[in-house]
Amino acid sequence: MRAIRGLWRWRRNPLRRTTDLAEAWVALVALVLVSVAAPVIGSLVGVAAQDSLQRSVREQQHSRHLVTATVVRGLGSAPMETDPDTGTAHDARSRVLADWTAPDGTRQHGVALANLKSPQAGDHFRLWTDPHGRITTRPLDSPTATTHAVLAGFGAALLAVGLVESSRRLIVWRMVRRRYARWDQAWDRAGPDWGKAGTGS
């Protein structure tokens, strides 16, 4: 809004100063950058993030496999999950000792998290592994990647707007300080003779 109000300084006025016109130009440039450059930057960042994330989606879906594991024995409840992408808050997860077969055919044995409330020996559950059977997180899915890309683009656009507005404020602040400094100099020159008869004649 201040940038738009700054454009009003272009109106013809005998009291308009050179700095007023400069502030109007700064406001116009800021308005153009906010309305044109910020959306373009946001779009470019969003597209780049989308390409990178979708590449990660394809790589993870190719290298991560869902296998069936068998509970050997339970090890107690699992700690609260802090990663929002690994499951919902309502999933009951327990630590278990389990056996599973890796995608490369090797037999694996170790501690895993099972989505079972009360795991018993012989219960089956699914878990994600790499090609060698090491436990990993589920692969990133395409909709989640798109959401992250949109948020990245939106954040980049907001950052660009913030930088433009901060720059505009800094430039105007420096202009105002320079204007006040010139006023002080003018008052210092006029001060000793101020109010005396014949001043300025």
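Residues numbered from 1 in each chain as written. Predicted model: local features only at pLDDT ≥ 70, side-chain atom pairs only at ≥ 80, totals over all residues. Heavy atoms only, no water.

1. Considering the overall build of the chain
Applied cut-off: Helical segments are the DSSP runs of H or I of at least four residues, strand segments are the runs of E of at least two, and each set is numbered from the N terminus. Any two residues having at least one pair of non-hydrogen atoms within 4.5 Å are treated as being in contact. In short, Shrake-Rupley with a 1.4 Å probe defines the accessible areas, and a residue's cover is counted only from the protein chains shown.
Along the chain, the regular secondary structure elements total 3 helices and 4 strands. Along the chain direction, N to C, the helices and strands of the chain fall in the order α-α-β-β-β-β-α. A separation of at least 24 residues holds for 64% of the contacts in the chain among residues at least 6 apart in sequence. A total accessible area of about 13,900 Å² is found for the chain, and carbon and sulfur atoms account for 60% of it.

2. With respect to the environment of Asp123
As a reminder of what qualifies: Two N or O atoms form a polar contact when they lie within 3.5 Å of each other; inside protein one atom must be a possible hydrogen donor and the other a possible acceptor, and for residues adjacent in sequence the pair counts only when both atoms belong to side chains.
One can find Asp123 in the loop between strand E3 (107–114) and strand E4 (124–129). C-alpha separation for the pair Asp123 and Thr70, spaced 53 residues apart in sequence, amounts to 5.7 Å. Not counting the four nearest positions on each side in its chain, Asp123 is found in contact with Ala69, Thr70, Val71, Leu116 and Ser118. For Asp123, the side chain forms a polar contact with the main-chain nitrogen of Gln120, separated by 2.8 Å.

3. Quick notes on the environment of Val57
Locating Val57 in the fold gives a position in helix H2 (residues 18–63). Taking the C-alpha atoms as reference points, Val57 and Pro139, separated by 82 residues in sequence, lie 6.7 Å from one another. Beyond its immediate chain neighbours, meaning those up to four positions away, Val57 contacts Leu140, Asp141, Ser142 and Ala145.

4. Considering helix H3 (residues 142–190)
Residues spaced three or four apart along an α-helix point in a common direction, a consequence of the helix completing one turn every 3.6 residues. Spelled out, the test is: Under the convention used throughout, the expected extent of a helix is 1.5 Å for every residue step, that is, one less than its residue count. We call a residue buried when its accessible area falls under 20% of the maximum for its residue type, exposed when it is over 50%, and partly exposed in between, using a 1.4 Å probe and counting protein chains only.
Here H3 contains 49 residues, and its C-alpha end-to-end distance of 72 Å stays within 8% of the 72 Å for a straight helix at 1.5 Å per residue. Within the sequence span of H3, burial applies to Thr144, Ala145, Ala149, Gly153, Ala156, Ala157, Ala160, Val164, Arg168, Val172, Met175 and Arg179.

5. What to know about the confidence of the model for the chain
What counts, and what does not: One confidence number per residue, pLDDT, is output by the predictor and ranges from 0 to 100.
Considering every residue of the chain, the mean pLDDT works out to 82; 77% of them sit at 70 or more. Here helix H1 (residues 2–7) is the element of the chain with the lowest mean pLDDT, 50, and E4 is the one with the highest, 93. Every residue in residues 86–90 is under pLDDT 50, and counting partners more than four places away or in other chains gives 3 contacts.

6. Focus on a nonpolar patch on the surface
Operational definition: For patch building, the residue pool is restricted to those with more than 30% relative accessible area and no salt bridge; the joining distance is 9 Å between like charges and 5 Å between nonpolar side chains (Val, Leu, Ile, Met, Phe, Trp, Tyr). The term salt bridge refers to a pairing of a side-chain nitrogen on Lys or Arg with a carboxyl oxygen on Asp or Glu at a separation within 4 Å.
Taken together, the side chains of Val32, Val36, Val40 and Leu44 define a hydrophobic patch exposed on the protein surface, amounting to about 350 Å² of accessible area. The residue Val36 is located in helix H2 in this model. When its relative accessible area of 47% is taken as the criterion, Val36 is described as partly exposed.

7. Thoughts on the pairing of strand E2 (residues 94–101)
Spelled out, the test is: Two strands form a pair only when DSSP identifies at least two bridges running between them.
In terms of strand pairing, E2 meets E3 through 8 bridges, oriented antiparallel. Across the sheet, residue Val96 finds its bridge partner in E3, namely Ala112. Counted between consecutive antiparallel strands, the loop separating E2 from E3 contains 5 residues, among which Gly105 sits at a positive phi close to 95°.

8. A word on a positive patch on the surface
Rules: Only four residue types enter the charge count: Lys and Arg as positive, Asp and Glu as negative, with His and the chain ends excluded. Charge placement uses NZ in Lys and CZ in Arg. For Asp and Glu, CG and CD serve respectively.
Side chains of Arg174, Arg177, Arg178 and Arg182 sit close together on the surface and give a patch of like positive charge. Locating Arg174 in the fold gives a position in helix H3.

9. Points about the environment of Thr68
Structurally, the position occupied by Thr68 is in strand E1 (residues 65–77). Along the chain, Thr68 and His124 lie 56 residues apart, while their C-alpha atoms are 6.5 Å from each other. Look past the residues within four positions of Thr68 in its chain and what remains in contact with it is Asp99, Trp100, His124, Phe125 and Arg126. In terms of polar contacts, Thr68 uses its side chain to reach the side chain of Arg126, at 2.8 Å.

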